[in-house]
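Residue-level structure breakdown
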Amino acid sequence: MIRFAALQFRIQAAIAFGALVVIAIVLAVTGPHLVTLYDTTVVPCSTHNDCSAATTALTDTDGPIQVFLTFLLLVVPALIGMFWGAPLIAREFETGTYRLAWTQGVTRTRWLSVKLGMGVVASVVVTGLLSLMVTWWSSPIDTVSAKPFDPLYFGVRDLAPVGYAIFALVLGFSAGLVMRRTIPAMFTALVGFVAARFVMNSWMRPHLIAPLHRVYTINGSSPLNMGETPAGFGVTATTRGILPGDWVYSNQIVDKAGHSPTTAFIDRACPLGHASAQANYQTCATNLAARFHLLVTYQPESRYWTFQWYEMAIFIGLAAVVVGFCFVWIRRPS
Amino acid sequence: MIEFQLDPASGVATYLQLVQQVHQALRLGMLEPGDQLPTAQQVVAKLAINPNTVLKAYRDLEREGLVRARPGMGTFVVQTLPGRDEVALARFLSQMSKLLLAARAAGLDSDDIEAIYRTAIRNVFAEGVA
Amino acid sequence: MTAVLETMGLGKQYGRRWALHDCTLSIPAGNVVGLVGPNGAGKTTMLQLAVGLLAPTTGSIAVLGDAPASSPAQLGKVGFVAQDTPAYARLSIAQHLHMGSWLNPDWDDEVATQRIDQLGLDPKQRAGSLSGGQRAQLALTLAIAKRPELLLLDEPVASLDPLARREFLQSLMEVVAEHGVSVVLSSHLVSDLERVCDYLVVLVDSHVRVAGEVSELLASHHRLSGLRRNPSTLPANQEVIEQSHTDKQSTLLVRTEEPILDPNWTVTPITFEDLVLAYMSQARDTKHLGRPALGVVS
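Residues numbered from 1 in each chain as written. Chains lettered and ligands numbered in written order. Predicted model: local features only at pLDDT ≥ 70, side-chain atom pairs only at ≥ 80, totals over all residues. Heavy atoms only, no water.

Parsing chain B into structural domains produces domain 1 (14–77) and domain 2 (86–129). Look at where the C-alpha atoms of domain 1 of chain B and domain 2 of chain B centre, and you get two points 31 Å apart. (Domains from an automatic or database assignment.)

Looking at chain C as a whole, the pLDDT averages 88, with 94% of positions reaching at least 70. Note that pLDDT drops below 50 for residues 287–298 of chain C; the model gives that stretch 1 contact with residues more than four away or on any other chain. (pLDDT = per-residue confidence, 0-100. Contact = heavy atoms within 4.5 Å.)

We now examine empty space enclosed by the protein. All names here are of chain A. Under the definition given, this model contains 5 cavities of 30 Å³ or more. Reported here for the largest cavity is a volume of approximately 70 Å³. Contributing to the lining of the largest cavity are 10 residues, with W102, R108, R180, I330 and R332 lying nearest its centre. Along the lines of polarity and charge, the residues of the lining of the largest cavity split into 6 nonpolar, 1 polar and 3 charged. (1 Å grid on protein atoms, 1.4 Å probe; cavity = no way out; pocket = protein on both sides within 12 Å on 5 of 7 lines; lining within 4 Å. Points joined across faces, edges and corners; volume = space filled by probe spheres on them. Nonpolar A, V, L, I, M, F, W, Y, C, P; charged D, E, K, R; others polar.)

Another aspect to go through is the arrangement of the chains. Ranked by contact count, the leading pair among the 2 pairs of chains in contact consists of chains A and C. Contact between chain A and chain B is absent, and the least distance between their C-alpha atoms amounts to 25 Å.

The subject of this paragraph is the interface of chain B and chain C. With 14 residues of chain B at the contact, the number on the chain C side is 17 residues. Both sides of the chain B and chain C interface together cover about 1500 Å² of buried area, and 54% of this is carbon and sulfur. Interface area lost by chain B to chain C is led by Q41, A48 and N50 of chain B, which between them contribute 32%. Where chain B touches chain C, the interface holds 9 residue pairs in polar contact (both at pLDDT 80 or more). Those elements that place two or more of their residues in the side of chain B that touches chain C are α2 (40–47) and α3 (51–63) of chain B. For the side of chain B that touches chain C, the element with the highest residue contribution is α2 of chain B, accounting for 5 residues. For the side of chain B that touches chain C, the class distribution of residues is 8 nonpolar, 3 polar and 3 charged. (Buried area = accessible area lost by both parts, 1.4 Å probe. Polar contact = N/O pair within 3.5 Å; in protein donor to acceptor, adjacent residues only side chain to side chain. Helix = DSSP H or I, 4+ residues; strand = E, 2+ residues; numbered from the N terminus.)

Moving on, we get to the sheet that holds strand β8 (residues 199–204) of chain C. Sheet strands line up and pair through hydrogen bonds in the backbone, either parallel or antiparallel. Residue and element names in this part refer to chain C. Taken in spatial order, the 6 strands of this open sheet run β5-β6-β7-β3-β8-β9, and their pairing is mixed. Where the open sheet ends on each side, the last strands, each with one partner, are β5 (78–81) and β9 (207–213). Ignoring which end each strand starts from, the neighbouring axes of this sheet average 15° apart. Where strand β3 (residues 32–36) meets β8, 4 bridges bridge the pair, whose relative direction is parallel. Paired with L35 across the two strands is V201, which belongs to β8. The strands touched by helix α1 (residues 43–50) within the sheet are β3, β5, β6 (150–154), β7 (182–187) and β8, with β6 carrying the most contacts at an inclination of about 145°. (Pairing = 2+ DSSP bridges. Axes fitted to C-alpha atoms, helices over the stretch in contact; angles between N-to-C directions.)

Spelled out as structure tokens, the structure:
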């Protein structure tokens, strides 16, 4: 059965691995240059006092390739779900060959296990290698500029893409099993995968681990934002420049009891009408600091790998649930 | 070796057609003792008929004592058809003619007689049809 | 002789429609069974149930003594040629044979390659470029080379031209002669089955109308014609299958195990085709009878 599954899968696998080889060559040619650039410009930059220029120069290098790689790792799991997962069984239904396949001397359960197993292994290998290559290639740039919890970084490096790919593959397969049509199954896999990624990004991941808090006194360099808000004139704290490598959820102006300043207090503490905006800001910060401080809620960078493992495990867990459903479905009376 | 043909329009059962063709070949001298009949596979490959049909025809021929199956070798003719007894034929023809004349005298026409004849044939040879 | 196919009250429902209903059959081994019926009568449903592609809604089915598709061994004993003989268009003939050898425990590679050779097919040719007849032969080869005890064929010749049809049936009968395999063959074309079948199952409107050995069925069915009379005056042992009446004459097709002694009947034997058509039209007549009653309701 494994040999036959391999025979059927060989064209899709060849396309994927061919693309992987091309990308590997491109990265192998351009990657060493980034390392050299990092070693020669960024490493000695503090002695020349031009670190900002050096890092900007580095992060701007091979811009199109950076964008392409981010895009690639975003879409590859979806492509795996659509072009590997969905047709895996839906095409057998569409062409009627399931009547040939399922009447050979192999039970349907075994057929399903081998097909899915092979798809999962191939998906892990492809996205794993791709993620490895991209992570390696980007490492000089990531060292100076990365925000590891940025969705455009977190989901396209290290372990997460592998979990996504497994889930997308299984999702496409199950859609094909239920719908028996390739195109609708591809579409379902795409929508389902994007929805799962979105739900995870927006609603689930922030709650996986309880965030940490840090308190800052307010001073003249605090990131305060003064201006009109929908509720009238107000002062809010922004997350600009705070804990750069960490994942900052919020920055709030609160007193010891955890209350935010009232509008009346703000009106008194932060009068406008000084000679300059700078003077307005200084007065405001000084008055606020008397009773209030800044409360930052965040996930430290050190939890990056914990989150990566969680992310992968959750998507593999989802995939396992879908696989369980497939086994029940394929054995149910049809 | 003889080759079988089928006439699907004849309404005669396939195995009977095979039996009749062997009889015919024996009468005409196309088959003689020692000759081999085509194997079931050969017949089937040519006529696309059920092999059981061929085997049934051969079994009938074997029961008549005309052929014998030798395991692993094939089916062979062991005896030719007994020649017809001309005297018996002539005697039967004269009896039949008398019977028919009597029927005509009783007011039956040739169609009536043919219907009766068919029924009688069926009753007498009924087991051969099954 | 054991039954190759045994069903008890077998039924299959799609939504509210019964594709097969209350079907009880026991088909002995060693036969070539013709499963005949009009399109949509339930032939495909019956065969797909027998091969485990469908599961019954009611009743039970056993193939070679086991539930269909219950184990690799059971699957290996049953060869199936599906309707329209599906094949992997992008795989070559040789690759299809590899598939057979990888997936079937008792695969006979010699039989397979020999047959492909005899058919004059190029093993490197892709299945997608084969003619309908060639693809049917490939499907038959795959089904045969797994050395089955039972071959199930779903309308294998329906889409073939007369020559390919003849060649396919010749191949099939050769296999029967050579390997002694039991066969169930469905078709809506009576003429295809007449030559090859020695057992008949007529399926109409999801019901089995008649089942039995062809020779027995032909011997027990007769066409009677004579002066017009009410069929209810017939002896109890004569079951009327089909009847037509003019103002003077009645023509009946009856089933009876006893000889017909009534001299008022002209009795003629019936052909295979007569037999099948009689049972098929019997179903239609019953429908016609039901119609006025339905008309009142609506």
